[in-house]
Amino acid sequence: MAGTTLFEKIWQAHVVDEKPGEPALIYIDLHLVHEVTSPQAFEGLRLAGRPVRRPDLTIATMDHNVPTERGPITDLIAKAQLDALRANCEEFGVPLNATGSGREGIVHVMGPELGITQPGMTIVCGDSHTSTHGAFGALAFGIGTSEVEHVMATQTLLQSRPKTMQIRFSGTLPFGVTAKDMVLAAIGKIGVDGGVGYAIEYAGEAIETLSMEGRMTICNMSIEAGARAGMVAPDATTFAYIEGRPGAPKGAAWDQAVARWSALKSDADATFDRIVDIDVTTLTPQVTWGTNPGMVVPVDGTVPDPADFADPTDREAAERALQYMGLEAGTPVTEITIDRVFIGSCTNARIEDLRAAATVVRGKHVASTVRAMVVPGSAKVKHQAEQEGLDKVFVDAGFEWREAGCSMCLGMNPDTLSPGERCASTSNRNFEGRQGSGGRTHLLSPTMAAAAAVAGRFVDVRELG
Amino acid sequence: MRELRQVTSVVAIIDRPDIDTDQIIPKQFLKRIERTGYGQFLFYDWMKEPDFELHKPDFKGAEILLAGRNFGCGSSREHAAWALEDYGFRIVIAPSYSDIFRSNSVKTGIATITLPDAELAQLKAALAQRNELTVDMETLTITHPDGLAITFAFDEFAQETLVHGLDDIARTLKRDDAIAAYEAATPGRFDTRTLST
């Protein structure tokens, strides 16, 4: 019998019930909740008189619309949504890491740092970047509000089994090239719909040598290639990250868990529905030029000419993107000047990301034409960064140092771009208006964003030595 | 959820690829805690453009939307499906969809029909002559008044859900024995309510 993949092992272990011609009923080990996609689900439970079945496997935080400046929230509609989350969590017995608790943060930063994101689990959240948690060898995917309610009521989901894809990153990552560049290059290669219908497993030497932060960055953006879930087989790096965290097993249970987790990998003879190979030895820092994450070029490249796209649909999309982005075909990426820099989001606002960006800006200053901000991924990341003096490095360099939250990744809070403003952003989506109506977003790594802040334009971070 | 058996309507065509859910419903409208009333915000930024497709008088009252590949990509916000439904759409026809949007649509009473490029081209040609289609979710057929008829594949479980307007949660709760048995056999890892700091 052929071997099984990591995905298949986790899937099989979570099938509660299966009927022919129907999606499988899958058990959910952890449900993460936030203020934006949950109020209608709680209301649905209330109307039907249903409880949250497993509040002990559920945890909420406030992240999407919280302001990142200190002081009371002034947006009354956002406040009402946060108040609703607080009231709902109390009514249904769901634990909440509220703003000011010291444990709040972007939901996909909070789970791993609490040690409740563990190998072999199924994890869902009403947020498409739930794929982040797959970095720990979990099957983690985003769901809509109706599914949020379904999980609250039953701790299960009806799911059709996805196909499997393996993306193999071979070779050693060159100096100055990061996990963000790996995933942007992968999306550029397979396209923003290349992963639709698949669960992706990332593998290869360049994955094995990555930190957990780097693996999270890659799994996070699986959804930008259309894949609901992305995952990495757990190893010593994974176990070292989890050990000692609040949710981690302790004592003898830890040793048993590590033994169990160590078996969670694709068998050598396992087969995937699709395999993609990417050699990282020639990889360069990436910058997006258009209005989806697949519209990406190396920093030493130029803005593409729509005429060079063979497919008429792609050509029209490129034309529209260039018009929206206010860019001319053929412009070298390093000649594009920027107005704003955003270092933050569930993709790139963990401690390692902030350390890397701080290294680039230490002793330098943000260009006079640029407004730059750093928004840590969680209260704990913020605290840790302040312990290390990173806040001072950023503030001395002219960055704004903010409170934790999703912030300008999606601009639900007051942190938004004005029409026409161009932003170098470490976030995950460069869709039209994503960071503010009319705003122009370029996605890139934290070090590339830091370098752009100093130069006032895109620069190749490798040239800074 | 409303039943979805048969729709006869003009077809609104937005022939662009990768229409993301940020376009369908921008973030500033996700702060509301209600499930209804999102239709007025559908394609909020694009609606400001005078030549946006949905302003075409021919498309007025359309309950069927025809769009490009990878429709509904990006954010998992179910508000996108709610906005489409509240605006009046019950059927979307496209070459492909994002997985989360497709799932959200079923739960909102919208059918996402996938057609290969060749059949989409036939459909567009017929609609250019006369803009009207009938979609039958019981027989899984699309018919044009000039005679074109296309049958399409559709997930059987999703079809039953849509046609009868079924509630997933009520159906799953009937399987409580299986869920309880699974839980009894699976030891807990942690309790989120009592995590140490």
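Everything discussed here concerns the structure shown above.
On a predicted model such as this, the values are computed, not experimentally measured, just so you know.

A word on the sheet that holds strand E2 (residues 11-14) of chain B
All names here are of chain B.
Next, step 1: The parallel open sheet is built from four strands, whose spatial order is E2-E3-E4-E5. Each of the sheet's edge strands pairs with one partner strand only, and the pair in question is E2 and strand E5 (111-114). Across the sheet, the mean angle from the axis of one strand to that of its neighbour is 20°, orientation sign disregarded.
Next, step 2: In the sheet, strand E4 (residues 91-94) pairs with E5 via four bridges, with the strands oriented parallel. Bridge pairing in E5 links Val92 to Thr112.

With respect to the layout of surface pockets
Next, step 1: A volume near 880 Å³ is recorded for the largest pocket.
Next, step 2: Lining the largest pocket are 37 residues, with Ser160(A), Asp99(B), Arg102(B), Ser103(B) and Asp155(B) positioned closest to its centre.
Next, step 3: The set of elements that each furnish at least two residues to the lining of the largest pocket consists of helix H1 (6-13), strand E7 (139-142), strand E8 (156-159) and strand E10 (198-203) of chain A together with helix H3 (99-108), E5, helix H5 (156-164) and helix H6 (168-173) of chain B.
Next, step 4: Ranked by residues supplied to the lining of the largest pocket, first place goes to H3(B) with five residues.
Next, step 5: The residue makeup of the lining of the largest pocket, split by class, is 19 nonpolar, eight polar and ten charged.
Next, step 6: Approximately 690 Å³ is the volume found for the second largest pocket.
Next, step 7: In this structure, the second largest pocket is lined by 30 residues; those nearest its centre are Ser146(A), Glu149(A), Met1(B), Arg35(B) and Lys107(B).
Next, step 8: Every element with two or more residues in the lining of the second largest pocket is listed here: helix H2 (39-48) and helix H5 (145-154) of chain A together with helix H2 (79-87), H3 and H6 of chain B.
Next, step 9: Broken down by element, the lining of the second largest pocket gets its largest block of residues, five residues, from H2(A).

Overview of the packing of aromatic side chains
Next, step 1: Overall, the coordinates contain 20 aromatic pairs over all chains when judged by the stated rule.
Next, step 2: Centroid distance Phe169(A) to Tyr202(A): 6.4 Å. Interplanar angle 25°. Geometry classified as stacked. Of this pair, Phe169(A) sits in strand E9 (residues 163-170) while Tyr202(A) sits in strand E10; the two residues are 33 residues apart in sequence, bridging distant segments of the chain. Accessibility assignment for this pair places Phe169(A) and Tyr202(A) in one class, buried.
Next, step 3: Their ring planes at 90° and their centres at 6.5 Å tell us that Phe71(B) and Tyr97(B) sit as a pair that is edge-to-face.

Describing the pattern of salt bridges
Pairing between side chains of opposite charge can happen when their charged atoms approach one another.
Next, step 1: What the rule picks out here adds up to 51 salt bridges over all chains.
Next, step 2: Note that Arg69(B) is salt-bridged to Asp314(A), the shortest N-O span being 2.7 Å. Taken together, the positions of Arg69(B) in the loop between strand E3 (64-67) and H2 and Asp314(A) in helix H11 (residues 312-325) put the pair across two chains.
Next, step 3: Judged by its relative accessible area of 23%, Arg69(B) is partly exposed.
Next, step 4: Taking the relative accessible area as the measure of exposure, Asp314(A) reaches 25% and is therefore partly exposed.
Next, step 5: Arg69(B) is the partner of Asp18(B) in a salt bridge, and the nearest nitrogen-oxygen pair spans 3.7 Å. With Asp18(B) in the loop between E2 and helix H1 (21-24) and Arg69(B) in the loop between E3 and H2, the pair connects residues that are 51 residues apart, well separated along the chain.
Next, step 6: Residues joined in a network through salt bridges with shared partners are Arg53(A), Arg54(A), Asp56(A), Asp176(B) and Glu183(B).

Side note on the sheet that holds E9(A)
Residues and elements named next belong to chain A.
Next, step 1: The sheet built from four strands is open, its strands ordered E11-E10-E9-E12 with parallel pairing. Whereas interior strands pair on both sides, the edge strands pair on one side only; in this sheet they are strand E11 (229-231) and strand E12 (274-279). Between one strand axis and the next, the sheet turns by 20° as a mean value, whatever way the strands run.
Next, step 2: Here six bridges tie E9 to E12, and the two strands are oriented parallel to one another. Pairing of Arg168 across the sheet is with Asp277, part of E12.

Regarding empty space enclosed by the protein
Gaps between atoms show up when a probe of the same size as a water molecule is rolled over them.
Next, step 1: A complete count under the given rule lists four cavities of 30 Å³ or more for this structure.
Next, step 2: The space that makes up the largest cavity amounts to roughly 210 Å³.
Next, step 3: Its residues assigned to classes, the lining of the largest cavity comprises eight nonpolar, eleven polar and five charged.
Next, step 4: Surrounding the second largest cavity, 13 residues form its lining, Val192(A), Ile223(A), Glu224(A), Cys73(B) and Gly74(B) being those nearest its centre.
Next, step 5: Tallied by class, residues from the lining of the second largest cavity come to six nonpolar, four polar and three charged.

Considering the interface of chain B and chain A
Next, step 1: At the junction of the two partners, chain B supplies 57 residues and chain A supplies 83 residues.
Next, step 2: Taken together, the two surfaces of chain B and chain A that pack against each other cover about 5,800 Å², and 54% of this comes from carbon and sulfur.
Next, step 3: Three residues stand out in chain B for area buried against chain A, namely Lys31(B), Arg175(B) and Arg189(B), and they jointly supply 13% of the buried area on that side.
Next, step 4: Inspection of the chain B/chain A interface yields 13 salt bridges.
Next, step 5: Asp167(B) is the partner of Arg50(A) in a salt bridge, and the nearest nitrogen-oxygen pair spans 3.8 Å.
Next, step 6: In this assembly, chain B and chain A are joined by 37 residue pairs in polar contact (both at pLDDT 80 or more).

Rules behind the numbers
- Residues numbered from 1 in each chain as written.
- Chains lettered and ligands numbered in written order.
- Predicted model: local features only at pLDDT ≥ 70, side-chain atom pairs only at ≥ 80, totals over all residues.
- Heavy atoms only, no water.
- Pairing = 2+ DSSP bridges.
- Helix = DSSP H or I, 4+ residues; strand = E, 2+ residues; numbered from the N terminus.
- Axes fitted to C-alpha atoms, helices over the stretch in contact; angles between N-to-C directions.
- 1 Å grid on protein atoms, 1.4 Å probe; cavity = no way out; pocket = protein on both sides within 12 Å on 5 of 7 lines; lining within 4 Å.
- Points joined across faces, edges and corners; volume = space filled by probe spheres on them.
- Nonpolar A, V, L, I, M, F, W, Y, C, P; charged D, E, K, R; others polar.
- Phe/Tyr/Trp six-rings, centres within 6.5 Å; stacked < 30°, edge-to-face > 60°.
- Buried < 20%, exposed > 50% of the residue type's maximum accessible area, 1.4 Å probe, protein only.
- Salt bridge = Lys/Arg side-chain N within 4 Å of Asp/Glu carboxyl O.
- Contact = heavy atoms within 4.5 Å.
- Buried area = accessible area lost by both parts, 1.4 Å probe.
- Polar contact = N/O pair within 3.5 Å; in protein donor to acceptor, adjacent residues only side chain to side chain.

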